[in-house]
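Analysis of the macromolecular model
Chain residues, written in single-letter form:
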Amino acid sequence: MNEFLENVNKNFHIRTAHSELIGFWKVEFGGKVNKVFHIWKYDNFAHRTKVRKALAEDKEWQEKFLIPNLFHIDVQEFEIAYLVPWCKIEKPPKEGIYELVTFQMKPGGPALWGDAFRRAISSHVNLNYSKLIGVFHTEYGLLNRVRVLWWNESLDSRAAGRHQSHEDPRVVAAVRESANYLVSQENMLLIPSPFSPLK
């Protein structure tokens, strides 16, 4: 993993020359060890196709990054997700840690559970213990999956905020309503890489 991350730190600028990187993190816990997670922005599907074609033709990318790192990569997973209409990508006030919470919702899409889910997320935002960075809904991948990215100053500030939220009746009521549409959820603690735009 260390050799992989060293190569990433050294050569990832070759990749970011082709499209915008939102963030790149190492999973600290809550997921598989030796795992990274990254988010890329594309204007549309045609833009993504154009970028993928350019990367396939970029000899520097292949020789300095892709080929040397193939040995270190066990598995890759790709999703196409969109930012929900009521959210925009936010920037954190300073460096910190990130929590990615994945919600698997019941079939039916946002028409069924969207309003209740938004109220649950907003109830946490209103307590100001954690900063909402973005809410993403899967278009390709496991359907009815929503990923919520939060920023916290530290693990301890997150823990204190979570304790506060569990005792707030507004949060409890909103979460209880949204839970009617919930199948499962999980989270991961993410540590930003040195070159990640979101630190």
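An account of the accompanying structure is given in this report. Quick caveat: nothing in here was measured; it's all calculated off a predicted structure. (Residues numbered from 1 in each chain as written. Predicted model: local features only at pLDDT ≥ 70, side-chain atom pairs only at ≥ 80, totals over all residues. Heavy atoms only, no water.)

1. Remarks on the overall build of the protein chain
Helix and strand counts for the protein chain come out as six helices and seven strands. The linear arrangement of helices and strands in the protein chain, starting from the amino end, is α-β-β-α-α-β-β-α-β-β-α-α-β. By the compact-globule yardstick of 16 Å for 199 residues, the protein chain fits well, its C-alpha radius of gyration being 18 Å. By principal-axis analysis of the C-alpha atoms, the protein chain measures approximately 55 × 35 × 30 Å. (Helix = DSSP H or I, 4+ residues; strand = E, 2+ residues; numbered from the N terminus. Rg over C-alpha atoms; globule rule 2.2 N^0.38 Å.)

2. Topic: the nonpolar core
Core analysis: the biggest nonpolar cluster contains 14 residues, and W25, F37, I39, Y98, L149, L190 and L198 have the highest contact counts within it. The set of elements that each furnish at least two residues to this core consists of β1 (20-29), β2 (36-41), β4 (97-105), β5 (131-140), β6 (145-152) and β7 (182-192). Among the elements that take part in this core, β1 stands out by supplying three residues, more than any other. Listed in part, the 13 residues of the second largest apolar core include F103, M105, W113 and V146. (Core = buried A, V, L, I, M, F, W, Y, C linked by side-chain atoms within 4.5 Å. Buried < 20%, exposed > 50% of the residue type's maximum accessible area, 1.4 Å probe, protein only.)

3. Points about the sheet that holds strand β3 (residues 80-83)
Here we have seven strands laid out as an open sheet, ordered β2-β1-β7-β4-β6-β5-β3, and antiparallel in their pairing. Bordering the open sheet on either side are β2 and β3, each of which pairs with just one other strand. Geometrically, the sheet is characterised by an average inter-axis angle of 35° between neighbouring strands, direction not taken into account. Summarising the sheet, β3 and β5 pair through four bridges and their orientation is antiparallel. Bridge pairing in β5 places L83 opposite F136. (Pairing = 2+ DSSP bridges. Axes fitted to C-alpha atoms, helices over the stretch in contact; angles between N-to-C directions.)

4. Side note on the packing of helix α1 (residues 2-16) against helix α3 (residues 59-69)
For the pair α1 and α3, interaxial distance at closest approach is 10 Å and the crossing angle is 155°. What the angle tells us is that α1 and α3 run roughly antiparallel. Note on packing geometry: the crossing formed by α1 with α3 is left-handed. When α1 is examined against α3, the residues F4, N7, V8, N11, F12, I14 and R15 are found in contact with a partner set consisting of E60, W61, K64, F65, P68 and N69. Split by residue class, the contact of α1 with α3 holds seven nonpolar, three polar and three charged. (Parallel < 35°, antiparallel > 145°, perpendicular 65-115°, else oblique. Left-handed = near helix turned anticlockwise from the far one by under 90°. Contact = heavy atoms within 4.5 Å. Nonpolar A, V, L, I, M, F, W, Y, C, P; charged D, E, K, R; others polar.)

5. Some points on a nonpolar patch on the surface
Taken together, L66, I67 and L70 make up a surface patch of nonpolar side chains, about 270 Å² in accessible area. Take L70: it is sitting in the loop between α3 and β3. Owing to a relative accessible area of 51%, L70 belongs among the exposed residues under this scheme. (Patch = residues over 30% accessible without salt bridge, like charges linked within 9 Å, V, L, I, M, F, W, Y side chains within 5 Å. Areas by Shrake-Rupley, 256 points an atom, 1.4 Å probe, with all protein chains shown as cover. Salt bridge = Lys/Arg side-chain N within 4 Å of Asp/Glu carboxyl O.)

6. Examining the environment of H137
Tracing the backbone shows H137 in strand β5. In contact with H137, other than residues within four places in its own chain, are I80, A81, Y82, V84, P110, W113, N144, R145 and V146. Of the polar contacts made by the side chain of H137, one reaches the side chain of Y82; its length is 2.6 Å. (Polar contact = N/O pair within 3.5 Å; in protein donor to acceptor, adjacent residues only side chain to side chain.)

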